Amino acid sequence: MCRTDQVPEPGEEEDVDATDAVFTSLLEDSAEELYEQAPCGYLSTLMDGTIAKINATLLEWLGLERSQAVGRMRFADLLTVGGKLYHETHFAPLLQMKGEVSGIALDIKGAVGRMPVLVTSKVKTSEDGEPLLIRTTVFDARDRRAYEMELLRGRQVAEEARRQAESDRVRLQEALAVLQQSLLPAALPVVPGLEASSYYHTASPDLLGGDFYDLFPVGTGRWAFFLGDVCGKGPQAAAVTSLARYTLRAAALHDPDPVNALTTLNTVLHDRYTSGEGRYCTAIFGVLEPDDGHVEVHLASGGHPAALIQRADGSADYLPTPGGLLIGILPQAPFTAARTRLLPGDTLLLYTDGLTEARTGPDRQLYGDEALRTFMSTQSAQGPRALITALAGLLASFGDGLDDDTALLALGAPAPLATPGSDNLP
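Residues numbered from 1 in each chain as written. Predicted model: local features only at pLDDT ≥ 70, side-chain atom pairs only at ≥ 80, totals over all residues. Heavy atoms only, no water.

A. Examining the overall build of the chain more closely. The number of helices and strands found in the chain is 10 helices and 17 strands. Burial status across the chain gives 40% buried among its 426 residues. Here the analysis covers contacts within the chain between residues at least 6 apart in sequence; of these, 61% occur between residues at least 24 apart. When the accessible area of the chain is evaluated, it comes to approximately 23,600 Å², of which 54% is carbon and sulfur surface. (Helix = DSSP H or I, 4+ residues; strand = E, 2+ residues; numbered from the N terminus. Buried < 20%, exposed > 50% of the residue type's maximum accessible area, 1.4 Å probe, protein only. Contact = heavy atoms within 4.5 Å. Areas by Shrake-Rupley, 256 points an atom, 1.4 Å probe, with all protein chains shown as cover.)

As structure tokens, then:
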């Protein structure tokens, strides 16, 4: 529109004429035509469900003539068996109680088979509130049903993928557990004059750790032991772990001197991985000689945390091995040796740094060497098995603060058995 004193812009007059033509054509639509050709189905039924009026759109969906439906069929007759059952048990009672129901998903018996629809019904009442008839609108829900089915299929596919992934993860964990066990002795041997106990804590069932230990004979009355930690995790670390274990066992059978055994391992690792990604580890290797109630210990360390000794009187302290270099870093590396004697009731503990590097407390502080020594000194000296049990409980108490595998190996001289009545001796 423009003011009478304004001249229309070029083309504006044509736009106004076109708009007027459209409005004129809409006004010529009769109410009956709008009802019959609506994009949804309309029907009116008596209170018992008998169809009194139905539009052409719904008749086309049903594949029926008007004479077949009006006065001859009920609304429930248009529904599938399942839809009819739902109508009788839910739809009709709810409509009678509330006077209106909206957006109910049903299936009608369409001309080309089952057709999903959304149904809304409302009861028309007289001025006195008496129900007269039911007006119902039926919307085509085929596209919506197809979309819902596609969503359902997608959800089923995702759920199946999740179940498959979980199953694969379980199988992987089982395979990794078997492989991890193959890198450790199935059981420690029984050594006359010596008590031994071990424990391995896996921080993650999805990753292979690189911690290892062993105890085996190297001659008459002598036993070799070692405990180590390979840098990294996964298959590569497992390969280094296997190489380190069998290298130390072979070296010990040839020459059980601790320094020489670690030197041999250093040479093997350096030569094996010098051309690619460097691989290294830390380790303690030693030889035990049980003799007349005590155990002589000769060991050497290559970059590994110092061993702890719990004495029979309950005290605990480290066995220093300073200066030992990481194994496999350099072609030639120094290793520090140490000797000690385990008297009856004494226990030697070897461990990997997963224990001392655990995070504790609200500030996530490192557990540390001093805390471990204190813990050892608070435990009664009851031998390797009791000590390992206490340490396993300590590891469990760290929860998610323990994010690295931990290996423990405890070796001790048995305490003398108490003689009945010995407490009463003068």
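Having seen the model, we can carry on.
B. Here's a closer look at the sheet that holds strand β7 (residues 211-219). The antiparallel open sheet is built from five strands, whose spatial order is β7-β8-β9-β10-β13. Each edge of the sheet is formed by a strand with only one pairing partner; in this case those strands are β7 and β13 (336-342). Across the sheet, the axes of successive neighbouring strands diverge by a mean angle of 15 degrees, strand direction being ignored. Helix-sheet contacts for helix α7 (residues 235-254) involve β7, β8 (222-230) and β9 (281-291), and the interaxial angle to β7 is about 15 degrees. Against the sheet, helix α8 (residues 258-273) contacts β9, β10 (294-302) and β13, and its axis sits at roughly 155 degrees relative to β9. (Pairing = 2+ DSSP bridges. Axes fitted to C-alpha atoms, helices over the stretch in contact; angles between N-to-C directions.)

C. Structural detail: unusual backbone geometry. Its identity is not glycine, yet aspartate 292 carries a phi of approximately 50 degrees, on the positive side. One can find aspartate 292 in the loop between β9 and β10. Judged by relative accessible area, which is 73%, aspartate 292 ranks as exposed.

D. Highlighting the side chain of threonine 57. Inspection of the secondary structure assignment puts threonine 57 in helix α3 (residues 56-62). The buried category is assigned to threonine 57, whose relative accessible area is 10%. Residues in contact with threonine 57, not counting those within four places in the same chain, are Glu36, Gln37, Ala38, Pro39, Cys40 and Gly41.

E. Examining the state of the cysteines more closely. Taken as a whole and judged by the stated rule, the model has zero disulfides. Free cysteine cysteine 231: the closest other cysteine sulfur is in cysteine 281, separated by 9.8 Å. Relative accessible area serves as the criterion here: at 35%, cysteine 231 is assigned to the partly exposed category. (Disulfide = S-S within 2.5 Å.)

F. Local environment of the nonpolar core. Counting residues in hydrophobic clusters, the biggest one holds 26 residues, and the most contacted among them are Phe225, Leu288 and Leu348. Listed in part, the 25 residues of the second largest apolar core include Phe226, Val230, Ala244 and Ala283. (Core = buried A, V, L, I, M, F, W, Y, C linked by side-chain atoms within 4.5 Å.)

G. View of the packing of aromatic side chains. Enumeration according to the criterion identifies six aromatic pairs in this entry. Consider the rings of phenylalanine 75 and phenylalanine 91, whose centres lie 6.2 Å apart with planes at 40 degrees: the pair is tilted. With phenylalanine 75 in the loop between α4 (66-69) and α5 (81-98) and phenylalanine 91 in helix α5, this residue pair connects regions lying 16 residues apart in the sequence. For phenylalanine 75, a relative accessible area of 6% puts it in the buried group. An aromatic cluster is present here, built from Phe212, Phe216, Phe226 and Phe285 joined pairwise through their rings. The positively charged end of lysine 53 is found above the aromatic ring belonging to tyrosine 35, 4.6 Å away from the centroid. Here arginine 272 stacks its cationic end above the ring of tyrosine 273, 4.8 Å away from the centre of that ring. (Phe/Tyr/Trp six-rings, centres within 6.5 Å; stacked < 30°, edge-to-face > 60°. Lys NZ or Arg CZ within 6 Å of the ring centre and 35° of its normal.)

H. Geometry of the side chain of arginine 279. Following the sequence through the fold, arginine 279 ends up in the loop between α8 and β9. Aside from chain neighbours lying at most four places away, what touches arginine 279 is Cys231, Gln236, Ala237, Val240, Leu269, Tyr273, Ile327 and Gly328.

I. A look at the packing of α7 against α8. At their nearest, the axes of α7 and α8 sit 9 Å apart, and the two run at 140 degrees to each other. Classed by the angle they form, the pair α7 and α8 counts as oblique. Our pair here, α7 against α8, has a crossing hand that is right-handed. Contact residues: α7 offers Ala239, Val240, Leu243, Ala244, Thr247, Leu248 and Ala251, while α8 offers Ala261, Leu262, Thr264, Leu265, Val268, Leu269, Arg272 and Tyr273. Among the residues making up the contact of α7 with α8, the classes are represented as 12 nonpolar, two polar and one charged. (Parallel < 35°, antiparallel > 145°, perpendicular 65-115°, else oblique. Left-handed = near helix turned anticlockwise from the far one by under 90°. Nonpolar A, V, L, I, M, F, W, Y, C, P; charged D, E, K, R; others polar.)

J. Main features of the sheet that holds strand β1 (residues 41-45). Reading across from one edge, β2-β1-β5-β4-β3 is the order of the five strands in this open sheet, with antiparallel pairing throughout. Edge strands, defined here as strands with exactly one partner in the open sheet, are β2 (51-54) and β3 (100-110). Averaged over all pairs of adjacent strands, the angle between strand axes in this sheet comes to 30 degrees, irrespective of strand direction. One ladder, built from nine bridges, connects strand β4 (residues 113-125) with strand β5 (residues 131-140); its direction is antiparallel. Looking at β5, one finds that threonine 120 is bridged to threonine 137. Along the sheet, α5 contacts β3, β4 and β5; its crossing angle with β3, the most-contacted strand, is approximately 155 degrees.

K. Here's a closer look at the confidence of the model for the chain. When the pLDDT values of the chain are averaged, the result is 86; 88% of them are 70 or greater. Looking across the chain, the model is least confident in helix α1 (residues 12-27), with a mean pLDDT of 61, and most confident in strand β14 (residues 347-351), with 97. Note that pLDDT drops below 50 for residues 419-426; the model gives that stretch zero contacts with residues more than four away or on any other chain. (pLDDT = per-residue confidence, 0-100.)

L. Broad picture of the packing of helix α9 (residues 369-378) against helix α10 (residues 384-397). Closest axis-to-axis distance for the α9/α10 pair is 11 Å, and the angle between their directions is 135 degrees. By the angle between their directions, the pair α9 and α10 is classed as oblique. When the axes of α9 and α10 are compared, the crossing they make is right-handed. Each of Leu372, Phe375 and Met376 in α9 lies in contact with α10, whose residues at this interface are Leu387, Ala390, Leu391 and Leu394. Of the residues belonging to the contact of α9 with α10, the class tally is seven nonpolar, no polar and no charged.

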